[in-house]
Amino acid sequence: MSIKFLAEDDRPREKFLLKGKNSLSDSELLAIIMGSGNREETAVELARKILASVDNNWHQLSLLSIKDLMKFKGVGEVKAISIATALEIGRRRASQEVMEKPTVSSSNSAYLVLKNHLSDLRTEEFWAIFLNQSNKIIHVAQLTQGGISQSIVDVRILFKTALEHFSTGIIIAHNHPSGNLKPSREDIDITQKVKEAGKLLTIQLLDHLIITQNSYFSFSDEGLL
């Protein structure tokens, strides 16, 4: 479906999906919050009227009470509360500082992120840290859970997750419940598979950690990447 087939004042949700949130006008955003208009006006037309009453200023709109909002035809208590709630969320978001993403600068810093997830397990699990270009953590996830001796990761799932989070670097890790830090043949093989797959997608494998209860082994530190 092309956006040209959508009624201008009738389908802001579809426009959101087709063209993204940045393509929406203020009235279209407000229309999505309200959900519907009234018998004479579409949701977008009603939203335009409401915004025009406050000089198209979101701050001024946030000062209106529930009763003030309900003076507009088609705005009942539920719609008025929805509008006020959305504006309050925006106010709280604006008052909060953006959380600084932690940076992984070494194998030890990656180990500190993952040791609480992996160090005391009796079965193997495979985890990954997904990083941006500045090596800041975007996402941390468990990918597989296996038996006592091995946990095989699906490389497709690993890179699907990386692409979903727009990651440019990954660190993979799994635990050895036996306490043996020496990488197995399978550990070495999966490391090379991930490394080669990453080259095709321009997503760099930065390290592979093997984690035991009290220590870790780094493929990067040992020159195995």
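Residues numbered from 1 in each chain as written. Predicted model: local features only at pLDDT ≥ 70, side-chain atom pairs only at ≥ 80, totals over all residues. Heavy atoms only, no water.

A.B. asks: Tell me about the environment of K193, and name the residues and values.
C.D. replies: Assignment of secondary structure puts K193 in helix α9 (residues 185-201). What makes K193 exposed here is its relative accessible area of 55%. Each C-alpha atom of the pair K193 and I83 lies 50 Å from the other, and the pair is 110 residues apart in sequence. (Helix = DSSP H or I, 4+ residues; strand = E, 2+ residues; numbered from the N terminus. Buried < 20%, exposed > 50% of the residue type's maximum accessible area, 1.4 Å probe, protein only.)

A.B. asks: If you had to explain the packing of helix α8 (residues 155-164) against α9 to someone new, which residues and values would you point to?
C.D. replies: Contact pair α8 / α9: the axes reach a minimum separation of 11 Å and the direction vectors enclose 40 degrees. Looking at the two axes, α8 sits oblique to α9. Considering only the axes of α8 and α9, their crossing is right-handed. Contacts from V155, L158 and F159 of α8 reach α9 at I190, K193, V194, A197, G198 and L201. Residues that form the contact of α8 with α9 fall into these classes: seven nonpolar, one polar and one charged. (Axes fitted to C-alpha atoms, helices over the stretch in contact; angles between N-to-C directions. Parallel < 35°, antiparallel > 145°, perpendicular 65-115°, else oblique. Left-handed = near helix turned anticlockwise from the far one by under 90°. Contact = heavy atoms within 4.5 Å. Nonpolar A, V, L, I, M, F, W, Y, C, P; charged D, E, K, R; others polar.)

A.B. asks: Lay out the packing of aromatic side chains with the relevant residues and their values.
C.D. replies: Overall, the coordinates contain two aromatic pairs when judged by the stated rule. Taken together, a centroid distance of 4.6 Å and an interplanar angle of 25 degrees make the contact between Y111 and Y216 stacked. In this pair, Y111 sits in helix α7 (residues 107-118) while Y216 sits in strand β5 (residues 216-218), placing the two residues 105 residues apart along the sequence. In this structure Y111 comes out as buried when scored by relative accessible area, which is 9%. Exposure remark for Y216: the relative accessible area of 21% places this residue in the partly exposed category. Taken together, a centroid distance of 5.5 Å and an interplanar angle of 90 degrees make the contact between F217 and F219 edge-to-face. (Phe/Tyr/Trp six-rings, centres within 6.5 Å; stacked < 30°, edge-to-face > 60°.)

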